[in-house]
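Understanding the architecture of this molecule
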Amino acid sequence: QVQLVESGGGLVQPGGSLRLSCVSSGSRFRFDAMAWYRQAPGKERELVARATRGTTADYTDSVKDRFTISRDNTKNTVHLQMNNLRPEDTATYYCNANGEYKWGSSVRPYEYWGQGTQVTISS
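Calculation notes
Residues numbered from 1 in each chain as written. Predicted model: local features only at pLDDT ≥ 70, side-chain atom pairs only at ≥ 80, totals over all residues. Heavy atoms only, no water. Helix = DSSP H or I, 4+ residues; strand = E, 2+ residues; numbered from the N terminus. Buried < 20%, exposed > 50% of the residue type's maximum accessible area, 1.4 Å probe, protein only. Contact = heavy atoms within 4.5 Å. Areas by Shrake-Rupley, 256 points an atom, 1.4 Å probe, with all protein chains shown as cover. Lys, Arg positive; Asp, Glu negative; His and termini not counted. Charge placed at Lys NZ, Arg CZ, Asp CG, Glu CD. Salt bridge = Lys/Arg side-chain N within 4 Å of Asp/Glu carboxyl O. Polar contact = N/O pair within 3.5 Å; in protein donor to acceptor, adjacent residues only side chain to side chain. Pairing = 2+ DSSP bridges. Core = buried A, V, L, I, M, F, W, Y, C linked by side-chain atoms within 4.5 Å.

**Section: the overall build of the protein chain**
Per the secondary structure count, the protein chain includes 0 helices and 11 strands. Listing the helices and strands of the protein chain from first to last along the sequence gives β-β-β-β-β-β-β-β-β-β-β. Its C-alpha atoms give the protein chain principal-axis dimensions of roughly 55 × 25 × 25 Å. The burial tally for the protein chain puts 37% of its 123 residues in the buried class. Here the analysis covers contacts within the protein chain between residues at least 6 apart in sequence; of these, 56% occur between residues at least 24 apart. Carbon and sulfur atoms make up 46% of the accessible area of the protein chain, which totals about 7100 Å². Taken together, the 15 basic and 12 acidic charged side chains of the protein chain have centroids lying 6 Å from each other.

Structure representation (structure tokens):
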């Protein structure tokens with residue numbers, strides 16, 4: 001089965017930096033897209049950044065000037081470089097992979113989630 005495992009979370013002071021990583025296993029193909037979501041207690045899970053197979057990347061406005069998502073070119077691994085962290089960035093960050101498997105006339109959607117890694121920004 002496909003598994004996504006996040007790492008790199010921790011406690012950091014405001015203005016600090018953190019780099020999250022997500023490593024996949026068990027996949028038989030490269031994911032169409034990988035993304036980072038986050039969820040704070042009592043809040044909705046929100047999309048933070050998404051990257052396709054190419055160089056296209058999308059960010060929510062609140063992190064666009066501070067976070068950078070990147071993917072390995074040869075495997076299903078994704079990173080999130082987070083700079084100038086703020087207390088409001090505190091959340092559990094989840095790795096996501098989604099897309100559609102296509103073979104001939106067959107189309108099958110897929111979506112996978114990691115267990116999450118905690119990021120806490122506090123002075």
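The structure having been displayed, the exposition proceeds.
**So, the pattern of salt bridges**
Between side chains of opposite charge, a pair can form as their charged atoms come close. The full count for this structure, using the stated rule, is 5 salt bridges. The closest approach of N and O atoms between Arg 38 and Asp 89, which form a salt bridge, is 2.9 Å. Pair noted here: Arg 38 is in strand 4 (residues 33-39) and Asp 89 is in the loop between strand 8 (77-82) and strand 9 (91-103), with a separation of 51 residues, a long-range link. Residue Arg 38 shares its accessibility class with Asp 89, and that shared class is buried. Where salt bridges share partners, they join Arg 38, Glu 46, Arg 66 and Asp 89 into one cluster.

**A look at the side chain of Asn 96**
Here Asn 96 shows up in strand 9. A polar contact of 2.9 Å, which involves the side chain of Asn 96, links it to the side chain of Asn 98. For Asn 96, the side chain forms a polar contact with the side chain of Glu 111, separated by 3.5 Å.

**Observations concerning the side chain of Ser 21**
Tracing the backbone through its elements, the reader meets Ser 21 in strand 3 (residues 18-25). For Ser 21, a relative accessible area of 14% gives the class buried. A distance of 2.9 Å separates a polar atom in the side chain of Ser 21 from a polar atom in the side chain of His 79. In this structure Ser 21 touches Val 5, Glu 6, Ser 7, Trp 36, Val 78 and His 79, once residues within four positions along its chain are discounted.

**Observations concerning the pairing of strand 11 (residues 117-121)**
Here strand 11 shows a clear split, with Thr 117, Val 119 and Ile 121 buried on one side and none of Gln 118 and Thr 120 buried on the other. As defined by bridge partners, strand 2 (residues 10-12) adjoins strand 11 across 3 bridges and the pair is classed as parallel. Along strand 11, the bridge assignment pairs Leu 11 with Thr 120.

**Details of the nonpolar core**
With 25 residues, the main nonpolar core has Met 34, Trp 36, Val 48, Phe 67, Leu 80, Met 82 and Tyr 93 as its most contacted residues. At the level of secondary structure, the elements contributing two or more residues to this core comprise strand 3, strand 4, strand 5 (46-52), strand 7 (67-71), strand 8, strand 9 and strand 11. Of all the elements, strand 9 adds the most residues to this core, at 4 residues. Every residue in contact with Met 82, bar those within four places of it in the chain, is listed here: Gly 16, Ser 17, Leu 18, Leu 20, Arg 66, Phe 67, Tyr 93 and Val 119.

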